[in-house]
Amino acid sequence: MNEMKKLVMGILAHVDAGKTTLSEALLYETGQIRTLGRVDHQDAFLDTNHLERERGITIFSKQARIVSSDMELTLLDTPGHVDFSAEMERTLQVLDYGILVVSGTDGVQGHTRTLWRLLQHYHVPTFVFVNKMDLQGAEKERVLEEVKQALSGSCVDFTGEQTELLDELSMCNEEMMESYLESENIPVEMIQRAIAKREVYPCFFGSALKLEGIDTLLKGIRTYSLSPDASMEFGARVYKIGRDAQGNRLTYMKVTGGKLRVKETLSYGELSEKVDQIRLYSGEKYEAVQEVTAGEVCAVTGLTATVCGMGIGVEHAMELPVLEPVLNYRIHFPKEINPNEMYRNMKLLEEEDPQLHILWKEELGEIHVQMMGQVQLEILTQLIKERFGVVVVFDHGNIVYKETIAKPVEGVGHFEPLRHYAEAHVYMEPGEPGSGIQVTLDCSEDELALNWQRLIATHIEEKEHTGVLTGSALTDVRFTVVGGRAHNKHTEGGDFRQATYRAIRQGLKSTECLLLEPIYRFCLEVPVDAVGRAMSDMRQKCGEFDTPEFFTAPTGEMARLVGTVPVSTMGDYMKEVHGYTKGMGQLMLTLQGYDVCHNSEEVIASIGYDSEADTANPTGSVFCGHGAGFVVPWNQVPDYMHVPYCMENRQREKDEVGFSYDVTQAIQRSETPKKTQSAYELDKELQQIYQREFGAKNEDDLERDRKKWRKTSGGRTVNGREITPSEKVYSGKSTPRGKDVVHHLVVDGYNVIFALEEYKTLASMNLDSAKGKLLDDLVDYKGYKQCKVTVVFDAYKKKEHPGSEEDYQGIRVIHTKTDVTADTYIEQLVHKLGQKEQITVATNDGLEQLTIMGQGALRMTAANLREEMKLTRKEQLQAYQTGKKEEKHTLGEYITQKS
């Protein structure tokens, strides 16, 4: 017996295409309702709200269940009006399949194209139903051709002759082509897979009002759909928050895996709450059940803090919406109403519709709301009156502008009032249009612990950051956490919040910013004799459009203009179109996204935003001096920051590594390099930090230091002359000198392993193998250099580890005891032996490098160590080949001599 299919299918359409009527017909044909309701009669099964019945449009998404012997179908009816697109878009992310309804008389309209793009964006397999085929002017061939051209050439008529269907399907992918050529048939399973992969879009035709073609559509859904794969572990996606007539909070979710039972505890965010009730809704009525399984849509009570788009269990969060509100309105309410109470009430509505952005302008004591358009505004006014008993008025709407950056920049934020400390470095790059805010980490844990890095990322994502041009929201920016610093004693979580916010603002002030405005994509259809007026109007409104397209409509010869235009210039242009075309013209607007503002200077001047006066979003940083904090302006922060610019230093390190690589290549070609740079030489970054931490030196001192550091390279060249181990070495204040000096290389084991790709790759498969490879390489290095080598490995993450010391082919290998890091052990070792031995520490830990340098030891990065070991192997090979190391015979030499 075949397993019952469980599908969640949404119905989408341009307003008035017959979407709700199709839902009604599907429910009637399957016996779920006894009488056929109509939108114009205000008795449609799924138009449950009186506002929907009065206006004849769908405002809120609803569900209905169709249960038969072989299929359990949850039907989601979504709003068709563009003002309620956010409600529709949230529903898309829980659909297994979609039904896109196209009007047979109007064809593919502006909002139809937007819906198609969203279905593509969310990868929803789609059936197309062409409705109203019973009306005059609805021609099947014409509409099908328009659907193919406007939507996809893979839209295939599933209602025609079988031979024609197979011919068209065979052109959609290679698998079906091969099957058709071999057997003149295409298996149903193959068609099912092609539809699921969005390689084929089945098209059906009929009239929902007259129940024509409904059976064929249902049969097509049963035959050509597949049940989605489900996980055994529980997972669910929240797509809607609502309230029932008694005020109970409802969390609408689709279960994507496992099972959910009543009284089961769900953990999400930082909360764990019990499910009080599980409801399966169909229209206004619901059935309370004890459990739901994967593939079902339900409403749950008992969850108090769920939000739209949330993933629960193993399910990940839903994508951020593509469509956004573009108009901003101020709410005026009676004087006797408490603004704070009103704001809390409005936030309840925002919880149910997250794209209804409710803003509290504290400096003005005003509540603002951002939304999609006039119809949504009217509905919101009625909802506020019904839910809270308050009559509100909205002022004239303003455009919602946004800001972005034109050039990359590294922002620095420092927060150090007394007994607090945090510094954050955030690299900001322009993102792709419409990409929003993206956050990544690219910082070594040696520079900043991972928990602090994640905290910085959280603070970037936790709020809507404002730009510095108009105070508008920041968008289309890639943030990368590249550095920072914390204090073991004084750093708290809130410190990094302040440092992060200030880093973003400082970065914005330091680079070129752009003002963005919302853009409509328009389709304007007018009679041919009015096309000149239409083109002139769109040019005056700063619109851009293609060459007019001429076509024949039932009303006569028409012209179609398609292009883009700023939202701010359109106003109520629809009324003008109706006026100069005598009601024959049609304007369709869909939000395309944001682009550079066409009149930036004018808008910036009119808003009059002063970023320095915005005390809630400071651009400067707080440093500490003489026991008190003081504010440093944004443009002076680089002079005070404690961590140098991270991106500049990385580029410098790349340049240094590149130079070392060239030297190695020269040796491989048996050439003499013109210059060899010591692996121990101080780079500018560390020298600057060293001076700040341990005292400045003049240029003569620095030059002497450079010469001393170069002489420690053992067997390398200085000024073209070879330096031997017997010559004088670096002789700082606490550094030993003379012929009998003992060279001692100390390696921070795990730090080096995870800093070098060859060891890191091996460690990802087997950590012990990576350790063994490092030790073997160091044995070769030690044997040729004739120096002491100690390798220190952390054991602080192991419980009750006593610590250990072993000899590995002449190398001293230390595993520290519990709660003792390799850094701590190395610092103690340098302090103990620094007076007796010349110690060089190999590590990428910046703070450790500073500490050991302050005690007279030398530092070597992991990259430097790698290059030194490579060069040592080359020198060994050269010594063997030239016979300079005759006392070190090998088996290979012995065999050669005997032969």
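Residues numbered from 1 in each chain as written. Predicted model: local features only at pLDDT ≥ 70, side-chain atom pairs only at ≥ 80, totals over all residues. Heavy atoms only, no water.

Visitor: Any chance you could break down the overall build of the protein chain for me, citing the residues and the numbers?
Guide: A tally of regular secondary structure across the protein chain gives 28 helices and 43 strands. Out of the 899 residues belonging to the protein chain, those deemed buried represent 51%. Considering only residue pairs separated by 6 or more positions, the protein chain has 69% of its internal contacts joining residues 24 or more positions apart. On the protein chain, roughly 43700 Å² of surface is accessible, and the fraction owed to carbon and sulfur atoms is 48%. (Helix = DSSP H or I, 4+ residues; strand = E, 2+ residues; numbered from the N terminus. Buried < 20%, exposed > 50% of the residue type's maximum accessible area, 1.4 Å probe, protein only. Contact = heavy atoms within 4.5 Å. Areas by Shrake-Rupley, 256 points an atom, 1.4 Å probe, with all protein chains shown as cover.)

Visitor: Kindly report on the sheet that holds strand S5 (residues 126-131), identifying the contributing residues and their values.
Guide: Backbone hydrogen bonds hold the strands of a sheet together, and the pairing may be parallel or antiparallel. Spatially, S2-S3-S1-S4-S5-S7-S6 is the arrangement adopted by the seven strands of the open sheet, whose pairing is mixed. On the outer flanks of this sheet lie strand S2 (62-67) and strand S6 (155-157), each paired with one strand and no other. Taking the axes of each pair of neighbouring strands and ignoring which way they run, one obtains an average angle of 25° across the sheet. Against the sheet, helix H5 (residues 140-150) makes contact with S5, S6 and strand S7 (201-205), and its axis sits at roughly 160° relative to S6, the strand it touches most. (Pairing = 2+ DSSP bridges. Axes fitted to C-alpha atoms, helices over the stretch in contact; angles between N-to-C directions.)

Visitor: Go over the pattern of salt bridges with me, naming the residues and quoting the values.
Guide: Under the definition given, this model contains 31 salt bridges. Note that Glu351 is salt-bridged to Arg243, the shortest N-O span being 2.9 Å. With Glu351 in helix H10 (residues 339-352) and Arg243 in strand S8 (residues 235-243), this residue pair connects regions lying 108 residues apart in the sequence. A relative accessible area of 28% means that Arg243 is categorised as partly exposed. With a shortest N-O distance of 2.9 Å, Arg812 and Glu805 are connected by a salt bridge. (Salt bridge = Lys/Arg side-chain N within 4 Å of Asp/Glu carboxyl O.)

Visitor: Help me get a handle on the nonpolar core, residues and values and all.
Guide: Within the largest apolar cluster, 46 residues are counted, with the highest numbers of intra-cluster contacts made by Val369, Leu380, Ile384, Phe394 and Leu524. Here this core takes six residues from strand S29 (residues 513-527), the largest share from any one element. Residues within four places of Leu524 in sequence aside, it is in contact with Ala534, Met538, Ala559, Arg560, Leu561, Tyr573, Val577, Tyr580, Gln586 and Leu587. Counting residues in hydrophobic clusters, the runner-up holds 41 residues, among them Ile11, Ala64, Leu75 and Phe158. (Core = buried A, V, L, I, M, F, W, Y, C linked by side-chain atoms within 4.5 Å.)

Visitor: Describe the sheet that holds strand S42 (residues 837-842), naming the residues involved and giving the relevant values.
Guide: Spatially, S40-S41-S39-S38-S42-S43 is the arrangement adopted by the six strands of the open sheet, whose pairing is mixed. The sheet terminates laterally at strand S40 (804-808) and strand S43 (858-860), the two strands that pair on one side only. Each strand axis lies, on average, 25° off the axis of its neighbour in the sheet, ignoring direction. Both S42 and S43 contribute to a ladder of three bridges, which runs parallel. Within S43, the residue paired with Ala842 across the bridge is Met860. Relative to strand S41 (residues 811-815), helix H24 (residues 767-785) is tilted by about 150°, and along the sheet it contacts strand S38 (742-748), strand S39 (788-793), S40 and S41.

Visitor: So, the side chain of Gln506: which residues are in play, and what are the values?
Guide: Relative to the helices and strands, Gln506 is located in helix H13 (residues 493-510). When its relative accessible area of 1% is taken as the criterion, Gln506 is described as buried. With sequence-adjacent residues up to four places away left out, Gln506 is seen in contact with Glu410, Gly411, Val412, Thr619, Trp634, Val637, Pro638 and Tyr645.

Visitor: How would you summarise empty space enclosed by the protein if you had to cite specific residues and measurements?
Guide: Counted under the stated rule, the structure contains three cavities of 30 Å³ or more. If you add up the space inside the largest cavity, you get close to 60 Å³. As for the largest cavity, its lining consists of Lys463, His465, Thr466, Tyr501, Ile504, Arg505, Asn617 and Pro618. (1 Å grid on protein atoms, 1.4 Å probe; cavity = no way out; pocket = protein on both sides within 12 Å on 5 of 7 lines; lining within 4 Å. Points joined across faces, edges and corners; volume = space filled by probe spheres on them.)

Visitor: Give a description of the packing of aromatic side chains that names residues and reports values.
Guide: Under the definition given, this model contains 15 aromatic pairs. For the pair Phe158 and Phe204, a centre-to-centre distance of 6.0 Å together with 50° between the ring planes defines the contact as tilted. Taken together, the positions of Phe158 in the loop between S6 and helix H6 (162-170) and Phe204 in strand S7 put the pair 46 residues apart, joining distant regions of the chain. For the pair formed by Phe158 and Phe204, the shared burial category is buried. For the cation-ring pair, Arg560 lies above Phe551, with the distance from its terminal atom to the ring centre recorded as 4.2 Å. One Lys or Arg, Lys771, reaches over the ring of Phe793 and ends 4.7 Å from the middle of that ring. (Phe/Tyr/Trp six-rings, centres within 6.5 Å; stacked < 30°, edge-to-face > 60°. Lys NZ or Arg CZ within 6 Å of the ring centre and 35° of its normal.)

Visitor: How would you summarise the environment of Ser69 if you had to cite specific residues and measurements?
Guide: In this structure, Ser69 sits in the loop between S2 and strand S3 (71-77). We classify Ser69 as exposed; its relative accessible area is 70%. Residues Ser69 and Lys5 lie 64 residues apart in sequence; the distance between their C-alpha atoms is 9.6 Å.

Visitor: Go over the packing of helix H12 (residues 450-461) against H13, please, and point to the residues and values.
Guide: At a minimum axis distance of 9 Å, the contact between H12 and H13 shows a crossing angle of 55°. Between H12 and H13, the interaxial angle falls into the category oblique. In this structure, H12 crosses over H13, and the sense of that crossing is right-handed. Residue-level inspection shows Trp452, Leu455, Ile456, His459 and Ile460 of H12 in contact with H13, the latter providing Gly493, Phe496, Arg497, Thr500, Tyr501 and Ile504. Taken together, the residues of the contact of H12 with H13 break down into seven nonpolar, three polar and one charged. (Parallel < 35°, antiparallel > 145°, perpendicular 65-115°, else oblique. Left-handed = near helix turned anticlockwise from the far one by under 90°. Nonpolar A, V, L, I, M, F, W, Y, C, P; charged D, E, K, R; others polar.)

Visitor: Can you break down the pairing of strand S25 (residues 422-430) residue by residue, with the values?
Guide: In terms of burial, S25 is a largely internal element, seven of the nine residues being buried. Sheet topology note: the strand S24 (residues 409-415)/S25 ladder contains seven bridges and is antiparallel. Of the residues in S25, the one forming a bridge with Val412 is His425. Hairpin connection between S24 and S25: a loop of six residues separates the two successive antiparallel strands, and Arg419 in this loop has a positive phi of roughly 65°. In this sheet, strand S28 (residues 477-486) lies alongside S25 in antiparallel orientation, the contact comprising nine bridges. Bridge pairing in S28 links Ala424 to Gly484.

Visitor: Provide a residue-level description of H5, including the pertinent values.
Guide: Every buried residue of H5 is accounted for by Val143, Leu144, Val147 and Lys148. Projected down its long axis, H5 shows its buried positions confined to an angular sector of 140°, all on one face. Of the residues in H5, the exposed ones pointing more than 90 degrees away from the buried face are Glu141 and Gln149. Buried residues along H5 sit against S5, S6, H6 and S7. (Arc of directions from axis to C-beta.)

Visitor: Requested: an account of the packing of helix H7 (residues 174-183) against helix H8 (residues 188-196), with residues and values cited.
Guide: At a minimum axis separation of 10 Å, H7 and H8 run at an interaxial angle of 160°. In terms of orientation, H7 lies roughly antiparallel with respect to H8. Relative to H8, H7 is oriented so that their crossing is left-handed. Only Met190, Ile191, Arg193 and Ala194 of H8 make contact with H7, whose side of the interface consists of Glu175, Met176 and Ser179. Residue composition of the contact of H7 with H8, by class: four nonpolar, one polar and two charged.

Visitor: Please give an account of unusual backbone geometry that cites residues and values.
Guide: Positive phi values are uncommon outside glycine, yet His123 reaches one of about 55°. Checked against the element boundaries, His123 lands in the loop between helix H4 (110-121) and S5. Although it is not a glycine, Asp476 sits at a positive phi angle of roughly 50°.

Visitor: Requested: an account of the pairing of strand S32 (residues 556-566), with residues and values cited.
Guide: In terms of burial, S32 is a largely internal element, eight of the eleven residues being buried. Direction of pairing for S29 relative to S32: antiparallel, over a ladder of nine bridges. Counted as the bridge partner of Val526 is Ala559 from S32. Pairing geometry for strand S31 (residues 549-553) and S32, over five bridges, is antiparallel. Each residue of the ladder has a partner; that of Phe550, found in S32, is Ala559.

Visitor: Which residues make up the environment of Trp116, and what values go with them?
Guide: Looking at where Trp116 falls in the secondary structure, it is placed in helix H4. Counting along the chain gives 34 residues from Trp116 to Ala150, while the straight-line C-alpha distance between them is 9.6 Å.

Visitor: Could you give me a rundown of the environment of Asp77, with the residues and numbers involved?
Guide: Along the chain, Asp77 falls in strand S3. Within the local environment of Asp77, its side chain forms a polar contact with the side chain of Thr20, the two groups lying 3.2 Å apart. (Polar contact = N/O pair within 3.5 Å; in protein donor to acceptor, adjacent residues only side chain to side chain.)

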